[in-house]
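One letter stands for each residue in the lines below.
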Amino acid sequence: MAIGKYMVIASRDPFESRDVDQLYDLAAGIVREGNEVTVFLVQNGVLPARFGARSEGLTKLSARGVKVLADEFSLRERAIGGDQLVSGVTPSPLDVIVDHLAAGGKALWH
Amino acid sequence: MATTITFALMDPPYESARSTTAFRLIDIAARRGYNVNVFAYEGAVATPFAQQKAHPNAVHGRDAAQENHPLPKDWVAALMQAAAQNGGKLDWVNCGLCVDERGVAEVIEGVRRGTPGDLWRMASESQGTLIIGTR
Amino acid sequence: MKVLQVIQSAYRATLEEQDDTIVWITHAMKGAGADLEVLLRGSAVNYAVLGQDASGLSFGSWRQSEPPKIAEDVAALIKKGVGVFVVEEDVAERGLGNARLVDGIQRLPRAGIPALMDRSDQVWMW
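None of these values were measured; they are calculated from a predicted model.

Observations regarding unusual backbone geometry
A positive phi angle, close to 45°, is found at N68 of chain B, a residue other than glycine. Of note in this structure, Y11 of chain C is not a glycine but carries a positive phi near 55°. Along the polypeptide, Y11 of chain C turns up in the loop between β1 (2–7) and α1 (14–17). We classify Y11 of chain C as partly exposed; its relative accessible area is 37%.

So, in structure tokens, the structure goes:
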């Protein structure tokens, strides 16, 4: 069976929405099923990516085989510099979401 | 075969960062010459409403011209133009019943009225679909 | 094409709309020939509970004669052949472990969600 490719777009932060932790767990679960998963942080979803924030969820995600990207614009808008990011989170342009859709991948907005 | 992607939007204008992110995504696709479908559902049908008006902003100390207040209807028009210039098309469909209950039938040129069947058809003809719901 | 509709926003403007708008659009697309499954997660699992009653609202002289009947709308989806699932843990966390749910609804553990997503071509998370 072909490997499924998923883009999980996280626009909420765990300070406002308890559901974010479940979203991270879902992303890890999709990987466990043998799929490729990218979690793309956007809007307030980037807030836990700042070093010193409550970012254990993101760090664990990366360790569980999920690629974690953060929207460059959302980071800049919130004054989160590249040197302030927790390990495992990589700044990215939004283009990767369009790439993913154009390639026929599944995309989930949260 | 041309690349086609579909978005479903639900947020009314001026209420959520989700709208801006959606426009950024549509802009990327339009610049690539992709065909882009948008199904505006519920509050999102007010996005291309023709009667949106820019205003001055005394708090910012700017008159209307200086403020250049963003109007989502202008963003839609600009993206339709960008898509066409790059060889693609932005097909914006407003859910008709959602338009009626909100009284926002007066929309900019190029926006058309449709039904949930249009969302299904557009998604079926696309490489990918992204639903951006509301809260 | 098969699509999994994930419904997680609960009771958003349901009185004004006389329904849940995502349950409604699922009905409408099914009528247009769509192949769909539905996953109720988060607080939307409450849509499957029998006994919901939103009747009786009035504002001044205006009375709502046709309130939403969301459990009936969910049941009607199942009758049309749409598979409808609820997340077991979300049901239990809301004290609904022993509640009577709509006939035909399928309980799914949270760990089973990825496999449910895998069997659809697209996942629409509303």
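Section: the environment of P68 of chain C
Residues and elements named next belong to chain C. Residue position: P68 is located in the loop between β4 (62–63) and α3 (70–79). Overall, the relative accessible area of 9% leaves P68 in the buried class. Measuring from C-alpha to C-alpha, the distance between P68 and V3 comes to 25 Å, with 65 residues separating the pair along the chain. Filtering out sequence-adjacent residues up to four positions away, P68 remains in contact with T14, L15, Q18, D19 and A54.

Structural notes on the pattern of salt bridges
In the structure shown here, the tally under the stated rule is 22 salt bridges over all chains. When the shortest N-O distance is used, the salt bridge between D90 of chain C and R110 of chain C registers 2.4 Å. Placement of D90 of chain C in helix α4 (residues 88–93) and of R110 of chain C in the loop between β6 (106–108) and α5 (113–118) is noted, with a sequence separation of 20 residues between them. Its relative accessible area of 26% is what places R110 of chain C among the partly exposed residues. When salt bridges with common partners are traced through the structure, they connect E42, E101 and R102 of chain B together with E17 of chain C into a single cluster.

A closer look at the nonpolar core
Counting residues in hydrophobic clusters, the biggest one holds 85 residues, and the most contacted among them are L130 of chain B together with W126 of chain C. Sorting elements by how many residues they give to this core places helix α1 (residues 17–31) of chain B first, with seven residues. Filtering out sequence-adjacent residues up to four positions away, L130 of chain B remains in contact with I9, I97, L101, A107 and W109 of chain A together with T6, F7, A8 and L25 of chain B. The next biggest cluster of nonpolar side chains, apart from the first, holds 38 residues, and it includes V31 and V37 of chain A together with L4 and L39 of chain C.

Thoughts on the interface of chain A and chain C
On the side of chain C, 15 residues touch chain A, which itself brings 15 residues to the contact. The contact between chain A and chain C buries some 1,200 Å² in all, and 50% of this surface belongs to carbon and sulfur atoms. Run the count over chain A and chain C and you get eight residue pairs in polar contact (both at pLDDT 80 or more). For the side of chain A that touches chain C, the secondary structure elements donating two or more residues are α1 (19–32) and β5 (106–109) of chain A. For the side of chain A that touches chain C, the leading source of residues is α1 of chain A, giving five residues.

Concerning helix α4 (residues 95–102) of chain A
Within an α-helix, residues lying three or four positions from one another point in the same direction, as the helix has 3.6 residues per turn. For α4 of chain A, the complete set of buried residues consists of I97, V98, H100, L101 and A102 of chain A. Tucked into the core, α4 of chain A has its buried residues touching β1 (5–10), β2 (36–41) and β5 of chain A together with β1 (4–9), α1 and β5 (128–132) of chain B.

Section: a nonpolar patch on the surface
Residue and element names in this part refer to chain C. A surface patch of nonpolar side chains, amounting to about 390 Å² of accessible area, comprises L15, L57, F59 and W62. Within the secondary structure, F59 sits in strand β3 (residues 58–59). Of the residues examined, F59 reaches a relative accessible area of 55% and is grouped as exposed.

Details of the interface of chain B and chain C
When the parts of a complex come together, some accessible area is lost, and that lost area is often used as the size of the interface. Taken together, the contact between chain B and chain C spans 21 residues of the former and 20 residues of the latter. Of the roughly 1,600 Å² buried where chain B meets chain C, counting both sides, 73% is carbon and sulfur surface. Interface area lost by chain B to chain C is led by Y41, W120 and I131 of chain B, which between them contribute 40%. Our count for the contact surface shared by chain B and chain C stands at one salt bridge. Residues R102 of chain B and E17 of chain C are paired through a salt bridge, measuring 3.7 Å at the closest nitrogen-oxygen approach. For the pair chain B and chain C, the number of links is two residue pairs in polar contact (both at pLDDT 80 or more). Of all the secondary-structure elements, those providing two or more residues to the side of chain B that touches chain C are α4 (96–102), α5 (116–124) and β5 of chain B.

The rules behind the values
- Sequence order as written defines residue numbering, which begins from 1 separately in each chain.
- Here every chain gets a letter starting at A, and every ligand a number starting at 1, in the order they are written.
- Whole-chain, interface and lining totals are the exception, using all residues; otherwise, since this is a predicted model, local features are given only for residues with pLDDT of at least 70 and side-chain atom pairs are given and counted only at 80 or more.
- Only hydrogens and water are set aside; all other atoms, that is, all heavy atoms of the structure, feed into the side-chain values.
- By the criteria applied, helices consist of DSSP H or I runs no shorter than four residues and strands consist of E runs no shorter than two, each listed in order from the N terminus.
- Accessibility here uses a 1.4 Å probe with only protein chains present; expressed as a share of the type maximum, an area under 20% marks a residue as buried, one over 50% as exposed, and anything in between as partly exposed.
- Throughout, a residue-residue contact means that at least one pair of heavy atoms, one from each residue, lies within 4.5 Å.
- A side-chain nitrogen of Lys or Arg and a carboxyl oxygen of Asp or Glu constitute a salt bridge if their distance falls within 4 Å.
- Grouping buried Ala, Val, Leu, Ile, Met, Phe, Trp, Tyr and Cys residues that are joined through side-chain atoms within 4.5 Å yields what is termed a nonpolar core.
- By definition, the buried area sums, over both parts, the 1.4 Å-probe accessible area that each loses when the two are put together.
- In protein, a polar contact requires one atom able to donate a hydrogen and another able to accept it; more generally it is a pair of N or O atoms within 3.5 Å, and residues adjacent in sequence count only if both atoms are side-chain atoms.
- Distance thresholds for patches are 9 Å for like charges and 5 Å for nonpolar side chains (Val, Leu, Ile, Met, Phe, Trp, Tyr), applied to residues having over 30% relative accessible area and no salt bridge.
- Accessibility throughout is a Shrake-Rupley quantity obtained with a 1.4 Å probe, and a residue counts as covered only by protein chains that appear here.

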